[in-house]
Amino acid sequence: MSEMLHAQNVAKSFTLHTQGSVTIPVFQGVDFTLSGGECIALTGESGSGKSTFMRMLYANYTCSDGSIRVFHDGDWLDITTASPHSILEVRKRTMGYVSQFLRVIPRVPTLEIVAEPLVALGAARDHAMDKARDLLTRLRIPERLWQLSPLTFSGGEQQRVNIARGFIADYPIMLLDEPTASLDAQNRATVLALIEEAKGRGAAIAGIFHDHETRDAVCTGSFDVTSFKVGAND
Ligand SMILES: Nc1ncnc2c1ncn2[C@@H]1O[C@H](COP(=O)(O)OP(=O)(O)OP(=O)(O)O)[C@@H](O)[C@H]1O
């Protein structure tokens, strides 16, 4: 399995500038690697920093220390020092992120929202639309909703649209933030199948899965963020 992501000696603390510059240390000294075909669960008690770490892997949060290198376009790129343009390129071609919540521009139809990442990669529009229809069907979004904006959809429907959008492109690295959180058993099974398919094509996956059954079904390993808590080894 080839390594796709390598975080080294990563630390994070938040400074609350609006609250007397109070500093909240979260973790330090985090070493983490992710290879193709793996699905690693980020684990640890509530507040240990799982979401924070995942946002750092996606360069949404800065690092207080350390490096996070991703294998992008045949070379290693440190996203902690990369330009905003490079980060957008990494997100477009190398690293997908499926969050629990859908963020979309109002009035854009669901089908377009799902197809968009593949169109952005240069795929033919017909192919992207076919794949979007296929994913929406698999995720049981009724066809009568495809031309509507998902803004008025239920929480579970919005999450499934988000999953369809996240899985439409074959990203080499995928970050999954509770992808099955508000899904029923049938849809959860579909998401598990999508994760298995991504693993099978060699994607390197890291995820937060509060549901143990999901974690046990798809994960090849786990990574406990708690052990890097500031002061954990004092
Ligand atoms: N934007 C932020 N500003 C300030 N503090 C933050 C911010 N995001 C997270 N934190 C703090 O960082 C710590 C880790 O939070 P995080 O959400 O990453 O934990 P978690 O392990 O994902 O928790 P949970 O399992 O409850 O979702 C918490 O103490 C939290 O208050």
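All figures in this text were calculated on a predicted structure; none of them were measured in a lab.

A. Looking closely at the domain arrangement of the chain. Taken domain by domain, the chain consists of domain 1 (1-94 + 171-234) and domain 2 (107-169). Put simply, the middle of domain 1 and the middle of domain 2, counted by C-alpha atoms, are 24 Å apart. Taken together, the contacts link 21 residues of domain 1 with 15 residues of domain 2. Taking both partners together, domain 1 and domain 2 bury about 1500 Å²; carbon and sulfur atoms supply 58% of that area. Interface area lost by domain 1 to domain 2 is led by Tyr171, Asn187 and Leu194, which between them contribute 36%. The interface formed by domain 1 and domain 2 holds one salt bridge in total. Among the salt bridges present, the one from glutamate 197 reaches arginine 138, with a minimum N-O distance of 2.8 Å. The dominant element in the side of domain 1 that touches domain 2, judged by the number of residues it contributes, is helix α6 (residues 185-200), at nine residues. Partitioned by chemical class, the residues of the side of domain 1 that touches domain 2 number eleven nonpolar, five polar and five charged.

B. Spatial organisation of unusual backbone geometry. Phi at arginine 107 takes a positive value of approximately 75°, unusual for a residue other than glycine. Mapped onto the fold, arginine 107 is located in the loop between β6 (95-98) and α3 (110-120). For arginine 140, which is not glycine, the phi torsion reads 60° and is therefore positive. Following the sequence through the fold, arginine 140 ends up in the loop between α4 (125-138) and α5 (155-167).

C. Local environment of the environment of valine 218. Examined against the element boundaries, valine 218 turns out to sit in helix α7 (residues 212-218). Along the primary structure valine 218 and aspartate 184 are separated by 34 residues, whereas in three dimensions their C-alpha atoms are 17 Å apart. Valine 218 has contacts with Cys39, Leu192, Ile195, Glu196, Lys199 and Phe209, leaving out every residue within four places of it along the chain.

D. Structural detail: the pairing of β6. Covered by surrounding structure in β6 are Met95 and Tyr97 together with Gly96 and Val98, the residues of both alternating faces. The pairing of β6 with strand β7 (residues 173-177) spans four bridges and is parallel. Paired with tyrosine 97 across the two strands is leucine 175, which belongs to β7.

E. Focus on the pairing of β7. Along β7, five of the five residues are buried, which leaves the element largely enclosed by surrounding structure. Neither face of β7 is exposed, since Ile173, Leu175 and Asp177 on one face and Met174 and Leu176 on the opposite face are all buried. One ladder, built from five bridges, connects β7 with strand β8 (residues 204-208); its direction is parallel. The residue of β8 that forms the bridge with leucine 175 is alanine 206. Following the backbone out of β7, through α6 and into the adjacent parallel β8, one traces a crossover that is right-handed.

F. Up close: the pattern of salt bridges. In this structure the tally under the stated criterion is eleven salt bridges. The closest approach of N and O atoms between arginine 201 and aspartate 170, which form a salt bridge, is 3.3 Å. With arginine 201 in the loop between α6 and β8 and aspartate 170 in the loop between α5 and β7, this pair connects stretches of sequence that are 31 residues apart. Take arginine 201: its relative accessible area is 33%, and that puts it in the partly exposed class. One salt bridge in this structure joins aspartate 211 and arginine 188, with 3.6 Å as the shortest N-O distance. A residue pair is termed long-range when its members are at least 10 positions apart, and aspartate 211 in the loop between β8 and α7 and arginine 188 in helix α6 qualify at 23 residues. Residue aspartate 211 is classed as partly exposed on the basis of its relative accessible area, which comes to 25%.

Conventions used here
- Residues numbered from 1 in each chain as written.
- Predicted model: local features only at pLDDT ≥ 70, side-chain atom pairs only at ≥ 80, totals over all residues.
- Heavy atoms only, no water.
- Domains from an automatic or database assignment.
- Contact = heavy atoms within 4.5 Å.
- Buried area = accessible area lost by both parts, 1.4 Å probe.
- Salt bridge = Lys/Arg side-chain N within 4 Å of Asp/Glu carboxyl O.
- Helix = DSSP H or I, 4+ residues; strand = E, 2+ residues; numbered from the N terminus.
- Nonpolar A, V, L, I, M, F, W, Y, C, P; charged D, E, K, R; others polar.
- Buried < 20%, exposed > 50% of the residue type's maximum accessible area, 1.4 Å probe, protein only.
- Pairing = 2+ DSSP bridges.
- Right-handed = clockwise from strand over helix to strand, strands pointing away.

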